[in-house]
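Listed below are the residues making up each chain.
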Amino acid sequence: MELPKVGSIGEYIRDQRKQAKISLRQLASQAGVSNPYLSQIERGLRKPSAEILNQIAKGLRISSQALYVQAGLMDDRVPDSDVLAAVRADQHLSERQRQVLIDIYESFRKENLAEAPEPDGRFDAPPGPEPGGTGADRAEEDAASSRAARNGRVQTEPKKG
């Protein structure tokens, strides 16, 4: 197994900084590191710790995971989808816009994975409506209880259908 090049993380940070239109001094200040240290990282002379990478990621407003993967501290387990590749390649978006789109896309994927069938065919989805009524019935009961509470009437027990 080949070790990652130390310079590759620095090049990646420099590219991200330039795309975000942030100066070296601004990023160093936001990340809480010195200008010379950040410059050495970008030139491949220093290999930053995970903590420093996290601070730099916050300064760049990008995912810490992206820096960890680039630095070889973490494996990129799931290959990028075509959607992620397209978002990352779109030069008409700012780095912040790209990250927001990626975050939204990833949240949808995680949500769908949580509801996907397990290998045995069962779903790991939230339980359905309670016996004796549908979700719509329950929503109607909740709405009626809320209206009653607003009007000063307290409904102590939900209506059974």
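Cut-off values and rules
- Residues numbered from 1 in each chain as written.
- Predicted model: local features only at pLDDT ≥ 70, side-chain atom pairs only at ≥ 80, totals over all residues.
- Heavy atoms only, no water.
- Axes fitted to C-alpha atoms, helices over the stretch in contact; angles between N-to-C directions.
- Helix = DSSP H or I, 4+ residues; strand = E, 2+ residues; numbered from the N terminus.
- Parallel < 35°, antiparallel > 145°, perpendicular 65-115°, else oblique.
- Left-handed = near helix turned anticlockwise from the far one by under 90°.
- Contact = heavy atoms within 4.5 Å.
- Buried < 20%, exposed > 50% of the residue type's maximum accessible area, 1.4 Å probe, protein only.
- Core = buried A, V, L, I, M, F, W, Y, C linked by side-chain atoms within 4.5 Å.

(A) Looking closely at the packing of helix α4 (residues 50-60) against helix α5 (residues 64-71). The geometry of α4 relative to α5 is characterised by a closest axis approach of 8 Å and an angle of 135° between their N-to-C directions. Overall, the two elements α4 and α5 adopt an arrangement that is oblique. Pair α4 / α5 crosses with right-handed handedness. Residues Ala50, Leu53, Asn54, Ile56 and Ala57 of α4 lie in contact with α5, whose contacting residues are Ser64, Leu67, Tyr68 and Ala71.

(B) A look at the environment of leucine 67. Note on placement: leucine 67 falls in helix α5. Residue leucine 67 is classed as buried on the basis of its relative accessible area of 0%. Taking the C-alpha atoms as reference, leucine 67 lies 8.8 Å from alanine 50; in sequence the two are 17 residues apart.

(C) Fine view of the nonpolar core. In this structure, Ile13, Leu27, Leu38, Ile56, Leu60 and Leu67 are the most contacted members of the largest nonpolar core, which totals 17 residues. Among the secondary structure elements, those contributing two or more residues to this core are α1 (6-19), α2 (24-31), α3 (35-42), α4 and α5. Here this core takes five residues from α4, the largest share from any one element. Setting aside its immediate chain neighbours within four residues, leucine 60 contacts Ile13, Gln16, Arg17, Ile22, Leu27 and Glu95.

(D) View of unusual backbone geometry. Although it is not a glycine, lysine 21 adopts a positive phi angle of roughly 55°. Within the secondary structure, lysine 21 sits in the loop between α1 and α2. Among the residues examined, lysine 21 registers a relative accessible area of 76% and is labelled exposed. Phi is positive for arginine 61, close to 60°, though the residue is something other than glycine.

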